[in-house]
Amino acid sequence: MRCAKLAVPVDWSKPGGKTITLTVARGPATGEAAGTVLFSPGGPGGAGVRELSRALPNFAGLRTRMNVVTWNPRGGVSGEHIPLASCAAGPAFATPDNRREYDQALKANTAGIAPCRDAVPELFAHMDSATQARDMDAIRAALGEEKISYLGNSYGGVLGASYARLFPQRLRAMAVDSVPDHVSPLAKSERLQYKSLEAGFKRFVRWCAGSSDCALHGNDVERTWQDVVRRAERRPLPGAAAARYDGDDLKFLAYGMINTADWPTFAKAVASASKGDASGFDPQGRGLPRRVTAMLAVNCADGFRYDGYRAYRAAVRRSVEVSPNFSGLRENAWLACSPWAAKAPNPPAPLPARALPPLLGVGPVYEYPAVRAITDQVPGSVTIRYDGIGHGRYLNAGDPCVIGHVDRYLIDGKLPAPGTTCPAWPA
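Q: Provide a residue-level description of the state of the cysteines, including the pertinent values.
A: Throughout this description, disulfide means a covalent bond between two cysteine sulfur atoms. Throughout the structure, instances matching the rule amount to four disulfides. Covalent S-S linkage joins Cys-87 and Cys-116, the inter-sulfur distance amounting to 2.0 Å. Measuring the twist about the S-S bond at about 95°, one finds the Cys-87-Cys-116 disulfide to be right-handed. Here the residue Cys-87 occupies a position in helix H2 (residues 84-87), and Cys-116 occupies one in helix H3 (residues 99-119), the gap between them amounting to 29 residues. In this pair, the class of Cys-87 matches that of Cys-116, namely buried. Taken N- to C-terminal, the disulfide-bonded cysteines of the chain are connected 1-2, 3-4, 5-6, 7-8.

Right, here's the structure in full:
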């Protein structure tokens with residue numbers, strides 16, 4: 001890989017003002033280069049240089065014809081622009097059930113955000129993905145490319161959507177893998193996320209019914225889980241190291257187990273919790289993780305937030321209608337953006353469909369609807385369904401089926417047939 005530095009304005013509305021320096025890296029084409037693919041690993045704030053270096057073998061086929069370029073984004077985990085000691089941890093996960101608890105959570109959120117925001121106030125106010133899309137276009141210009149292709153992993157899809165809205169004429173192609181929906185109103189995208197999570201829970205229930213390895217085998221799994229959550233809401237359950245967990249805490253911890261198909265561990269944790277011991281959800285007793293401040297600065301600026309208590313409670317009520325097993329989970333996660341975040345400068349919005357080339361999406365089972373929300377906006381686009389669980393099929397998994405389709409599209413512009421699927425891998 002070859003590295004360089006590129007200075008960009010902290011505030012793009014003041015191009016002559018203060019600047020920051022981005023580290024940019026290129027994995028050069030191994031054959032005759034036909035263009036450039038700009039790549040983001042997501043995060044938000046993921047260190048692109050480190051991630052591309054780590055996963056460079058996955059890009060071998062793409063690099064036969066394309067230069068692959070990435071960068072360490074402003075305010076990201078590389079620590080080049082922010083003090084990681086001040087910005088690595090922010091507000092704790094909060095689960096308020098009334099206005100008093102909500103107000104307490106907001107005070108805690110403000111205190112949790114302050115060390116990072118106060119350390120780099122001007123940069124902190126310009127972390128949204130639209131600003132980062134302008135950084136991306138500065139990279140394109142520095143490379144001397146009239147148009148670029150783009151590959152966005154995970155939250156990199158939000159950067160891609162933001163770039164597509166600002167610079168549609170400069171996109172040759174765009175592939176997005178396991179990305180969140182940043183084109184629909186928040187209420188709609190959350191509804192899709194809950195439906196996907198419930199579908200994942202149903203898969204777990206079916207597995208448990210047919211597997212003697214499930215600690216809940218032979219029981220009404222859904223009822224047992226819901227009983228555990230209700231019990232924890234009435235009186236938080238004890239766990240390891242004197243930690244205690246309410247129902248929303250358990251939902252948060254269960255989310256990771258469901259999304260990674262760690263079903264045996266989840267089943268054992270629920271079985272133990274039904275007897276009053278919640279330690280299986282958090283064996284080390286570490287408690288729920290704090291939200292990373294630098295990531296929140298991006299999330300909140302991109303509109304993943306609620307404007308006041310009424311909006312928050314309305315969202316929780318909507319989630320109950322869609323998700324009997326995980327309602328409130330998303331709302332409690334995005335609550336950390338209130339009240340310190342100003343009005344979102346880069347909220348979800350539709351794509352300029354007529355100005356864009358057809359897109360290629362990749363969606364594992366649980367994330368497929370969110371990816372489709374983006375790709376379905378542009379006529380002629382195709383989304384590959386990965387028939388299994390696993391976030392980031394190209395970057396993280398090195399899935400040969402996905403890589404083959406994405407490479408053909410980014411090199412030659414050839415989309416797979418509509419309805420294309422990739423089997424669960426490795427078999």
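Q: I'd like a rundown of the pattern of salt bridges, residues and numbers included.
A: With the rule as written, the count across this model stands at 14 salt bridges. Close ionic contact of Lys-5 with Glu-80 constitutes a salt bridge, the shortest N to O distance being 3.8 Å. Within this pair, whereas Lys-5 is found in strand E1 (residues 2-9), its partner Glu-80 is found in the loop between strand E4 (67-71) and H2, the two being separated by 75 residues in sequence. Residue classification places Lys-5 among the exposed positions, given a relative accessible area of 59%. Overall, Glu-80 belongs to the partly exposed group, its relative accessible area being 34%. With its nearest N and O atoms 2.4 Å apart, the salt bridge here joins Asp-137 to Arg-170. Taken together, the positions of Asp-137 in helix H5 (residues 129-143) and Arg-170 in the loop between helix H6 (156-166) and strand E6 (171-177) put the pair 33 residues apart, joining distant regions of the chain. Judged by its relative accessible area of 8%, Asp-137 falls in the buried class.

The rules behind each value
- One numbering rule holds for all chains: residues counted from 1, following each sequence as written.
- Local features in a predicted model are, by the rule used here, given only for residues with pLDDT of at least 70; side-chain atom pairs are given and counted only at 80 or more, and totals for whole chains, interfaces and linings are based on all residues.
- Think of the side-chain values as coming from all heavy atoms in the structure, minus any hydrogens and water.
- For this text, the term disulfide refers to a pair of cysteine sulfurs within 2.5 Å.
- Strands are runs of DSSP state E lasting at least 2 residues, helices are runs of H or I lasting at least 4, and numbering of each runs from the N terminus.
- Summary of the burial criterion: residues with accessible area below 20% of their type's maximum are buried, those above 50% are exposed, and those between are partly exposed, where the area comes from a 1.4 Å probe applied to protein chains only.
- In what follows, salt bridge is the name for a side-chain nitrogen of Lys or Arg lying within 4 Å of a carboxyl oxygen of Asp or Glu.

By themselves, these are just geometric observations and shouldn't be taken as functional.
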